[in-house]
Amino acid sequence: YLIAHGALCYWTRLKWFADLVPIFAMLADADKSDIIERAQTVRATSSLAASLILLDMLFPYVALGPLRSWLAEFQNNPRVRKRLAAYVRAISTPEMDGMSPLDDRGEAFRSAWSFFEAPSTRGRLLVLGPISSALRTAATFHARAGA
C-alpha cells in the first residue's frame with residue numbers, strides 16, 4: 001500500500017521512503033517477491049520499478065533482496081525512466097508545492113493514468129475519475145463549511 005500510495009503521489013513526501021527502509025528490513029524474501037506479483041497483477045510494474053529504483057538511490061542500504069535482480073531488468077526501460085524522472089522532478093522541485101497529486105485533481109488523474117498500464121484500468125479511470133473528483137470536492141467544501 002505504501003509503495004502504491006507514494007508512487008501515485010509522486011513521492012512528494014520523502015517520509016514515505018524513509019518508512020519503507022525498516023519495512024523492507026522486516027520482510028522475508030518471499031514477501032518481497034509478492035510485491036512483484038501484485039504489481040504485475042494490477043499492471044503497474046513500471047511505476048513500482050521506478051519507485052524502488054528511487055528508493056535504492058536515496059537509501060542504498062535498503063534490504064531489497066530478490067527485488068534487486070528484478071530491478072536490473074528495468075534500468076533502461078523507457079516507461080520506468082519516464083516515471084522515475086517524474087518522481088525525481090516532484091521531490092526536487094519546490095514549485096511542486098500545491099501542484100502534487102495530493103492537492104491537484106488534474107495531476108492526480110495524470111499520475112493515476114501513468115501509474116496503471118492496463119487499458120481496462122485506464123478506462124475505469126476515465127469513467128470513475130470525474131465522479132471521484134466531484135465527491136472529493138464536495139467533501140472538502142462541506143468540511144471547510146463546518147470548520
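None of the values given here were measured: they were computed from a predicted structure.

Undergrad: Describe the pattern of salt bridges, listing the residues and the values that go with them.
TA: Following the criterion strictly, the structure yields two salt bridges and no others. As a salt-bridge pair, aspartate 19 and lysine 15 come within 2.8 Å of each other at their nearest N and O atoms. Within this pair, aspartate 19 and its partner lysine 15 are both found in helix 2 (residues 15-26), separated by four residues, close to a single helical turn. Taking relative accessible area as the criterion, lysine 15 reaches 55% and is therefore assigned exposed. Arginine 68 serves as the salt-bridge partner of aspartate 56, at 2.8 Å between the closest nitrogen and oxygen. With aspartate 56 in helix 4 (residues 45-58) and arginine 68 in helix 5 (residues 67-72), this residue pair connects regions lying twelve residues apart in the sequence. For aspartate 56, a relative accessible area of 24% corresponds to the partly exposed category. On the basis of relative accessible area, arginine 68 is assigned to the partly exposed category, the value being 35%.

Undergrad: Explain the packing of aromatic side chains to me, and be specific about the residues and the numbers.
TA: Tallied over the full model, the rule gives two aromatic pairs. Their ring planes at 80° and their centres at 6.0 Å tell us that phenylalanine 59 and tyrosine 61 sit as a pair that is edge-to-face. Since its relative accessible area comes to 60%, tyrosine 61 is described here as exposed. Centroid distance tryptophan 70 to phenylalanine 74: 4.8 Å. Interplanar angle 55°. Geometry classified as tilted.

Quick notes on the rules
- Residues numbered from 1 in each chain as written.
- Predicted model: local features only at pLDDT ≥ 70, side-chain atom pairs only at ≥ 80, totals over all residues.
- Heavy atoms only, no water.
- Salt bridge = Lys/Arg side-chain N within 4 Å of Asp/Glu carboxyl O.
- Helix = DSSP H or I, 4+ residues; strand = E, 2+ residues; numbered from the N terminus.
- Buried < 20%, exposed > 50% of the residue type's maximum accessible area, 1.4 Å probe, protein only.
- Phe/Tyr/Trp six-rings, centres within 6.5 Å; stacked < 30°, edge-to-face > 60°.

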